[in-house]
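The chain contents come next:
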Amino acid sequence: MMRNVVAIDGPAGSGKSTVSRIAAERLGFTYLDTGAMYRALTLRAIKSGISLEDEKRVEQVVASANLEFENGFVLLDGTDVTKEIRSNQVTRHVPTVAAYPSVRAVMLVKQRLLADNSAGIVMEGRDIGTVVFPDARWKFYLDAKPEVRAKRRQKELELQGKEREFGAVLEDILKRDKEDSERQTAPLRRASDAILIDTSELSINETVEKIITEIESKKPYAVSW
Ligand code: DC
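In this text the structure is predicted, and so the values were computed from the model without any measurement. (Residues numbered from 1 in each chain as written. Predicted model: local features only at pLDDT ≥ 70, side-chain atom pairs only at ≥ 80, totals over all residues. Heavy atoms only, no water.)

### Some words on the site of the ligand
Part 1 of the argument: Around the ligand there are 16 residues in total, and Arg39, Arg104, Arg126, Asp127 and Arg183 lie nearest to it.
Part 2 of the argument: With the chains in place, 96% of the 450 Å² that the ligand exposes on its own is no longer accessible.
Part 3 of the argument: Where the shell around the ligand is concerned, the elements lending two or more residues are helix H2 (34-47), helix H4 (88-98) and helix H8 (166-182).
Part 4 of the argument: Grouping the amino acids of the shell around the ligand by side-chain chemistry returns 4 nonpolar, 3 polar and 9 charged. (Near = heavy atom within 4 Å. Areas by Shrake-Rupley, 256 points an atom, 1.4 Å probe, with all protein chains shown as cover. Helix = DSSP H or I, 4+ residues; strand = E, 2+ residues; numbered from the N terminus. Nonpolar A, V, L, I, M, F, W, Y, C, P; charged D, E, K, R; others polar.)

### Side note on helix H1 (residues 16-27)
Part 1 of the argument: Taking 1.5 Å per residue, 12 residues should reach 16 Å; H1 reaches 16 Å between its end C-alpha atoms and fits that length.
Part 2 of the argument: In the core, the buried residues of H1 are packed alongside strand E1 (5-9), strand E2 (30-33), strand E6 (121-125), strand E7 (138-143) and helix H9 (204-216).
Part 3 of the argument: Trailing H1 by a residue or two, Gly28 shows a phi angle of about 75 degrees, which is positive. (Expected span 1.5 Å × (residues − 1). Contact = heavy atoms within 4.5 Å.)

### Digging into the environment of Glu147
Part 1 of the argument: Position of Glu147 among the secondary structure elements: in helix H7 (residues 146-159).
Part 2 of the argument: Counting along the chain gives 42 residues from Glu147 to Ala105, while the straight-line C-alpha distance between them is 33 Å.
Part 3 of the argument: Filtering out sequence-adjacent residues up to four positions away, Glu147 remains in contact with Phe166 and Leu170.

### Quick look at the environment of Lys56
Part 1 of the argument: Relative to the elements of secondary structure, Lys56 occurs in helix H3 (residues 55-63).
Part 2 of the argument: Residue classification places Lys56 among the exposed residues on the basis of a relative accessible area of 53%.
Part 3 of the argument: Each C-alpha atom, one on Lys56 and one on Tyr100, is 9.5 Å from the other, the two residues being 44 residues apart in sequence.
Part 4 of the argument: Separated by 3.1 Å, the side chains of Lys56 and Glu59 make a polar contact. (Buried < 20%, exposed > 50% of the residue type's maximum accessible area, 1.4 Å probe, protein only. Polar contact = N/O pair within 3.5 Å; in protein donor to acceptor, adjacent residues only side chain to side chain.)

### Quick word on the pairing of E6
Part 1 of the argument: Counting buried residues along E6, 5 of its 5 residues qualify, which places the element largely inside the surrounding structure.
Part 2 of the argument: Residues Ile121, Met123 and Gly125 of E6 are buried on one face, and the alternating residues Val122 and Glu124, pointing to the opposite face, are buried as well.
Part 3 of the argument: As paired strands, E1 and E6 are joined by 5 bridges and run parallel to one another. Residue pairing in the sheet places Ile8 in a bridge with Glu124 of E6.
Part 4 of the argument: Across 4 bridges, the pairing between E2 and E6 is parallel. (Pairing = 2+ DSSP bridges.)

What follows is the structure in structure tokens.
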């Protein structure tokens, strides 16, 4: 089945979450932040007290998790965890959980099901255009210079009342890039047919415009605008 999927991948701080949310609103499509899924699973694994190094146990905790997305809120087993999944602890541990093939297999099924149940979806993450929807109608890869991404992250933290030194934030970003792109299963990389957008010098609106223009030049299936 052909689906109206907009796949948006890229590293942390590339602007993909904000841009994807706005683009989805503009298109009248569902928005799915797959990073939030991995974060929620990581939170569940941490809370359950198991060792995150134990893939089998992590897989069990993940398989029985109930994840829901409602109006921008993330619900884990019926509880709102939207804020909690952005904690430093979750951010630090999420690459370990996201690297497990068994965890990714469970997420892949959930992500495809969510797309099946919507007329159109903007899905953002690290492997959407490469693994989850290699045949997506539209694919984008957002990137920006590490220093620019670190600056954005630092600002985001500041807004949450957390002051952090620029060097430390940059180091975290580079570490996460390495973990996400060097893992064996579904590493972060640009699909060969994804449109690359360097957002270093672009505003959010300019990036959204580029995406919408591209999408409008290639109309979706059975959705009339
Ligand atoms: O986009 P984010 O920072 O919220 O993502 C959190 C983590 O989840 C990140 O370390 C990479 C991982 N992730 C992934 O492996 N695959 C995805 N499709 C989305 C996120």
